[in-house]
Every structure is written in C-alpha cells, then in structure tokens.
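Coordinates in review
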Amino acid sequence: MVDVTLSVRRVAAEDWPSLSNRFEDLTYEQSLTYAQAAARRIGATAEFICLHDAQGTPVAAACLRVKRVPVLNRGIAWIAAGPLIHPKGGGAPHAAMVRAILSDLRRYVHASGHVLRLRFPVMATPSGDAITGAGFLFPGRVSSYRTVLINPDQDDDALMRALHGKWRNSLRTALKMGMELEAGPISDLSDRFHKLYEQVQAAKGFQPDIPPEFYYPLTGPDFQHDVLIARKDGTDIGAMTIGRTSTNAVYLFGATSEAGRKLNAGHYLMWQAILHCREHRIRCFDLGGIDQDANPSVTRFKLRTGGTDTTAAGPYEAWPTGPMANLIGLAEALHGRLKR
C-alpha cells in the first residue's frame, strides 16, 4: 500500500472561494455563498478545511456543515458534494490518496466528537473500496443521488445527435413554435419565475425540501443563479433556474404552464439551458436528479437528453466510538420523529 502523509488545516471563510476554485469538482453546494446559507437554515455552522501533502500542496478541501446537539456540543458534520479531491490539472486521485484524504477527515472530525457524513460530487465518484477502506459505511437509510450529466462543450450537431429520437422530434417541433427566450440573474427575474412556479405547484401539489425562495437572496462571487424564461406572444409560459459554480452547473427548479406544455416548452428550455451552459464554459451540467419510482416521466425526459446516467458515491458515514455517539444517534432519531 502506498503511504500518503497529509496535514489538515482550517481555512478562513474569506479564503474559501479562491481555494475551492482550484478544484474541478467544485459545485454550488461547496460554494461559500450557498454553504453558509444552508448551514444557517438548519442552525448549523459552516467550517472550511484543506488537506495538504508533504510539499504543502492542497490535494483536497471540504466545507463541513456542523449541527451540534444542545448541551452535548457535539453532533453531525455533513459534507455535501465533497470533499473536493480533483485539483485542476491534477487528474483523478489514486485509491491510496482517497483513503488518506478520508481517513484524515474522519480523524479530524472525530477529534471534536462529531459524526461525519458525506456525499461525493456526482461527477467525481471514487471507488467504494477506497471509501470503506477509510472507515466509512453506507447505511442505506437515505437514497443515493442519481442524476443525468451532460457535457455542453460540444457543437450543436453533436448535442442534437445525442438526443433520443422522440426527444429530438419534440425539440424540433418546439423550435418551430415561435417561442422567445429571456435569460438573466435570479435577482432580476425571481418574481416572474415564482409566479409560474406557484401555478405549477398548485396544480401538482408538490413541496420540495428546500423551496426556490431559499435561493432568491443568495448572492456571492462563487455562485451564480440564472433564470431562463420561455415566452410566447408576450406571455411567460415556462421557466427554469440554473446554479453555476466554476465549470459545473445544476438544474435547480423548473415550471411550465399548461400552455407551455402544449408547445413543448420544457424541451425548448432544456435545450436552451444546455446552450446557455456552453456559452458560460460549463463542462458538466447536472440535470438535478432523477427518481424512476417517484417521477418516471421526468426521469424519462432527462434520460432522453443523451446525458450520462450517474449516481454519486454516498451518503457514507463514520461514527466515533464512545457513549457520546449513542447520544447523538438518539438525538437525531428523536429530531426525525418530531419533524415527521
């Protein structure tokens, strides 16, 4: 086994955007802008760390959202879409490096008495053996994140050829319907998007875990939130929002009116989103998750875009030893019951 020696260092919040941008697998969930807001939302704190090799070169980094149990001052450290393990220009890390990164993360978190949970970025999924070899388990209580990834850095012909035949035909029909596209930041277009979103929500009766309103006020140097709106005869008939960080983007929310559905506005907007990502030099566009059992029609729609069906590694967890870990587990179980 290759011996890898790493050191773990805390990172000031103001230094996190420049550090995290050195990694190819950075997504909005590990951005300073989103992570701090997400932590505040659940009463947690955001902590930032970097792992360096013997030469002092950053080889991994992670934002931890730490939710403490009152009185215990210990709790659960959650790493969403992390740790970041793909330095730009460095290629994928070997298994020994992944084990070393995860082992040092586990020791660092356990030194404070916290449980460590993590889910890797969907575009950077190491082998399960490297993860379990570092002392992590896959509990199976929460479903893994499955999605479709598209590489927008292709010409129109290549992107069009990748589409499923029926999807391509629907797109071609949509492109003949005379729809117009308007694009801009969420700060300018949130009211118009939300009006469409509320119409669809009322019709279908769904409620996301994190509503779009949470994202509207988020502003920062490392998270851009774009809105694409499809219009017909001066009326908004469909919209979608895209979160961008570095060279990665994710579809966040979408809404299409009844009139828009008749014009295949969903196909039109998804195609325009791919082109929008290409314009902004995005190399990986995450279509925002799929669930065959809960939503087969959306799953089929996204799979037919020609992207890659991909599942993120995790969530994995590592528990410290001792009675405190049992108390954390009991507190989490009680919180879950009360929430339900």
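For the structure, check the block above.
Residues numbered from 1 in each chain as written. Predicted model: local features only at pLDDT ≥ 70, side-chain atom pairs only at ≥ 80, totals over all residues. Heavy atoms only, no water.

**A word on the overall build of the chain**
What the chain contains, in helices and strands, is eleven helices and 13 strands. A globule of 340 residues ought to have a C-alpha radius of gyration of about 20 Å, and the chain, at 21 Å, matches this closely. Along the first, second and third principal axes, the C-alpha set of the chain runs to 65 × 45 × 35 Å. Within the chain, the proportion of its 340 residues that are buried is 50%. Pairs at least 24 residues apart make up 73% of the contacts formed inside the chain by residues separated by at least 6 positions. Summed over all atoms, the accessible surface of the chain reaches about 16,300 Å², with 50% contributed by carbon and sulfur. (Helix = DSSP H or I, 4+ residues; strand = E, 2+ residues; numbered from the N terminus. Rg over C-alpha atoms; globule rule 2.2 N^0.38 Å. Buried < 20%, exposed > 50% of the residue type's maximum accessible area, 1.4 Å probe, protein only. Contact = heavy atoms within 4.5 Å. Areas by Shrake-Rupley, 256 points an atom, 1.4 Å probe, with all protein chains shown as cover.)

**Regarding the sheet that holds strand β6 (residues 146–150)**
On the basis of which strands lie adjacent, the open sheet formed by seven strands has the order β7-β8-β9-β10-β11-β6-β12 and mixed pairing. Two strands bound the open sheet, and with one partner strand each, they are β7 (180–185) and β12 (308–311). Sheet twist, expressed as the average angle between the axes of neighbouring strands with direction ignored, equals 30°. In this structure, β6 lies alongside strand β11 (residues 284–286), joined through two bridges in antiparallel fashion. Bridge assignment links leucine 149 to a residue of β11, and that residue is aspartate 286. Helix-sheet contacts for helix α9 (residues 265–279) involve β6, β7, β8 (224–232), β9 (235–245), β10 (248–256) and β11, and the interaxial angle to β9 is about 35°. (Pairing = 2+ DSSP bridges. Axes fitted to C-alpha atoms, helices over the stretch in contact; angles between N-to-C directions.)

**Focus: the sheet that holds strand β1 (residues 7–10)**
As a general point, the strands of a sheet are linked pairwise by backbone hydrogen bonds and lie either parallel or antiparallel. Ordered by their spatial adjacency, six strands build an open sheet running β1-β2-β3-β4-β5-β13, and the pairing between neighbours is mixed. Across the chains shown, the open sheet's two edge strands, defined by having one partner strand only, are β1 and β13 (316–318). Looking at each pair of strands side by side, their axes are set apart by 25° on average, direction ignored. For strand β2 (residues 45–52) and strand β3 (residues 58–69), the ladder comprises eight bridges, and the chain directions are antiparallel. Each residue of the ladder has a partner; that of glutamate 47, found in β3, is leucine 64. Those strands touched by helix α2 (residues 32–41) are β2 and β3, and its axis lies near 135° from that of β2.

**Some thoughts on the packing of helix α6 (residues 165–175) against α9**
Look at α6 against α9: their axes get within 8 Å of each other, and the N-to-C directions meet at 95°. With respect to each other, α6 and α9 are oriented roughly perpendicular. Listed contacts from α9 to Trp167, Ser170, Leu171, Ala174 and Leu175 of α6 are His267, Tyr268, Met270, Trp271 and Gln272. Considered class by class, the residues forming the contact of α6 with α9 number seven nonpolar, three polar and no charged. (Parallel < 35°, antiparallel > 145°, perpendicular 65-115°, else oblique. Nonpolar A, V, L, I, M, F, W, Y, C, P; charged D, E, K, R; others polar.)

**A few points about the packing of aromatic side chains**
Within this structure, the stated rule accounts for twelve aromatic pairs. Connected via pairs of aromatic rings, a cluster forms that spans Tyr28, Tyr34, Phe193, Tyr197, Phe214, Tyr215, Phe223 and Phe253. A cation over an aromatic ring shows up here: arginine 119 above the ring of tyrosine 145, its NZ or CZ 5.8 Å from the ring centre. (Phe/Tyr/Trp six-rings, centres within 6.5 Å; stacked < 30°, edge-to-face > 60°. Lys NZ or Arg CZ within 6 Å of the ring centre and 35° of its normal.)

**Things to note about a nonpolar patch on the surface**
Together, Met324, Leu327 and Leu330 make up an exposed nonpolar region whose accessible area comes to about 270 Å². Locating methionine 324 in the fold gives a position in helix α11 (residues 323–339). (Patch = residues over 30% accessible without salt bridge, like charges linked within 9 Å, V, L, I, M, F, W, Y side chains within 5 Å. Salt bridge = Lys/Arg side-chain N within 4 Å of Asp/Glu carboxyl O.)

**Quick word on the nonpolar core**
Counting residues in each nonpolar core, the largest one holds 30 residues, and the members touching the most others are Met179, Met240, Ile242, Trp271 and Phe285. When contributions to this core are tallied by element, the ones reaching two or more residues are β6, α5 (156–162), α6, β8, β9, β10 and α9. Broken down by element, the residue count for this core peaks at nine residues, all from α9. Among the nonpolar cores identified, the runner-up in size contains 28 residues, and Ile49, Leu118, Phe120 and Tyr316 belong to it. (Core = buried A, V, L, I, M, F, W, Y, C linked by side-chain atoms within 4.5 Å.)

**Quick word on the pairing of β8**
In this sheet, β8 lies alongside β7 in antiparallel orientation, the contact comprising six bridges. By the bridge assignment for β8, leucine 181 is matched with alanine 230. Direction of pairing for β8 relative to β9: antiparallel, over a ladder of nine bridges. Counted as the bridge partner of lysine 232 is threonine 235 from β9. Counted between consecutive antiparallel strands, the loop separating β8 from β9 contains two residues, among which aspartate 233 sits at a positive phi close to 55°.

**Digging into the pattern of salt bridges**
On inspection of all chains with the given rule, the structure shows ten salt bridges. Its salt-bridge partner being arginine 146, residue aspartate 309 comes within 2.6 Å of it at the nearest N-O pair. Of this pair, aspartate 309 sits in strand β12 while arginine 146 sits in strand β6, and the two are 163 residues apart along the sequence. The exposure class assigned to aspartate 309 is partly exposed, which follows from its relative accessible area of 39%. Classification of arginine 146 as partly exposed rests on a relative accessible area of 27%. In this structure, the salt-bridge partner of arginine 192 is glutamate 182, at a minimum N-O distance of 3.0 Å. You can see arginine 192 sitting in helix α7 (residues 186–204) and its partner glutamate 182 sitting in strand β7, a full ten residues away along the chain. For arginine 192, a relative accessible area of 26% puts it in the partly exposed group. Residues joined by salt bridges that share partners form a network here, namely Glu182, Arg192, Arg231 and Asp236.

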